[in-house]
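Close look at the chain arrangement
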Amino acid sequence: MTASSQQQGSIALMPVALGAHHVAVEALAVLEILGPREWVRIPNTRPLLPGALAWRGRAIGVLDLAPALRLPALEAPNTRGRNAVLRVDDDVVVITIDRVLEVRRASVDAIKPVHATRWLVERGVPCRGELELELERDLDTDVIPVLDLEAWASMHRSVR
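Residues numbered from 1 in each chain as written. Predicted model: local features only at pLDDT ≥ 70, side-chain atom pairs only at ≥ 80, totals over all residues. Heavy atoms only, no water.

1. What about the overall build of the protein chain?
The number of helices and strands found in the protein chain is three helices and 12 strands. When each of the 160 residues of the protein chain is scored for burial, the buried share is 45%. Split by element, the accessible area of the protein chain, about 8500 Å² in all, is 49% carbon and sulfur. In the protein chain, which carries 19 positive and 21 negative side-chain charges, the distance between the mean positions of the two groups comes to 5 Å. (Helix = DSSP H or I, 4+ residues; strand = E, 2+ residues; numbered from the N terminus. Buried < 20%, exposed > 50% of the residue type's maximum accessible area, 1.4 Å probe, protein only. Areas by Shrake-Rupley, 256 points an atom, 1.4 Å probe, with all protein chains shown as cover. Lys, Arg positive; Asp, Glu negative; His and termini not counted. Charge placed at Lys NZ, Arg CZ, Asp CG, Glu CD.)

2. Comments concerning the side chain of Thr 96
Relative to the assigned elements, Thr 96 resides in strand β8 (residues 91-97). Looking at Thr 96, its side chain comes within polar contact range of the main-chain nitrogen of Arg 80, at 2.9 Å. (Polar contact = N/O pair within 3.5 Å; in protein donor to acceptor, adjacent residues only side chain to side chain.)

3. Observations regarding the side chain of His 22
Following the sequence through the fold, His 22 ends up in strand β2 (residues 21-26). Apart from residues lying up to four places away in sequence, His 22 is in contact with Val 16, Ala 17, Arg 99, Leu 101, Leu 135, Asp 142, Ile 144 and Pro 145. (Contact = heavy atoms within 4.5 Å.)

4. Comments concerning the environment of Leu 101
Mapped onto the elements of the fold, Leu 101 is located in the loop between β9 (99-100) and β10 (104-107). In sequence terms Leu 101 and Pro 15 are 86 residues apart; their C-alpha atoms lie 5.3 Å from each other. Once residues within four sequence positions are removed from consideration, Leu 101 is found in contact with Met 14, Pro 15, Val 16, Ala 17, His 22, Leu 135 and Glu 136.

5. Considering the sheet that holds strand β7 (residues 82-88)
The strand order across the open sheet built from six strands is β3-β7-β8-β6-β5-β4, with neighbouring strands paired in mixed fashion. Since the sheet does not close on itself, it has two edges, and those belong to β3 (30-34) and β4 (40-41), each with one partner. Pairing geometry for strand β5 (residues 51-55) and strand β6 (residues 58-63), over five bridges, is antiparallel. Pairing of Leu 53 across the sheet is with Ile 60, part of β6. (Pairing = 2+ DSSP bridges.)

6. Examining the nonpolar core
Proteins that are soluble and globular tend to have nonpolar side chains buried together. Ranked by size, the top nonpolar core spans 28 residues in total, and within it Leu 65, Leu 86, Ile 95, Leu 120, Val 125, Leu 147 and Leu 149 carry the most contacts. Broken down by secondary-structure element, the contributors of at least two residues to this core are β1 (10-18), β2, β7, β8 and α3 (149-157). In terms of residue count, the dominant contributor to this core is β1 (four residues). The residues touching Leu 86, leaving out its near neighbours within four places in the chain, are Val 25, Ala 29, Val 30, Leu 31, Asp 91, Val 92, Val 93, Ile 95 and Leu 149. Ile 11, Leu 135, Ile 144 and Val 146 belong to the second largest nonpolar core, which has 12 residues in total. (Core = buried A, V, L, I, M, F, W, Y, C linked by side-chain atoms within 4.5 Å.)

In short, the description is geometric, and any link to function would need to be established separately.
Pasting the structure below:
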């Protein structure tokens, strides 16, 4: 979480959809939203980080949440319909998703400890908490996990 969002007591979150599942990432981490891209599988990698794609002249890691959500894993050579390029500490990764939803501002206090979405953490995806959000107009609110990208990056750096 950035210092400016902590000082203001709120955080801008970008919900994304993968299949029927929704997760949120901190909007300030988003560098760019891309359409479908070609990527390459890297042998002997973890299922959540199966390969890399070219972005602005460099290779960046492809983060695939599908295995943790018990959805079909990403198949090379094409990504899903949308790709969110994210800055995570000093790294840049891309999360491949089906849809990007409107950025929402939420109170930092509204992010509760993981409970209803604990299953995602148990499948290897660190979350900083969960949040109730109305994802689309006239729909009920959903409890969605807020990904902890810094913890995820730290976890993957330790196995390099």
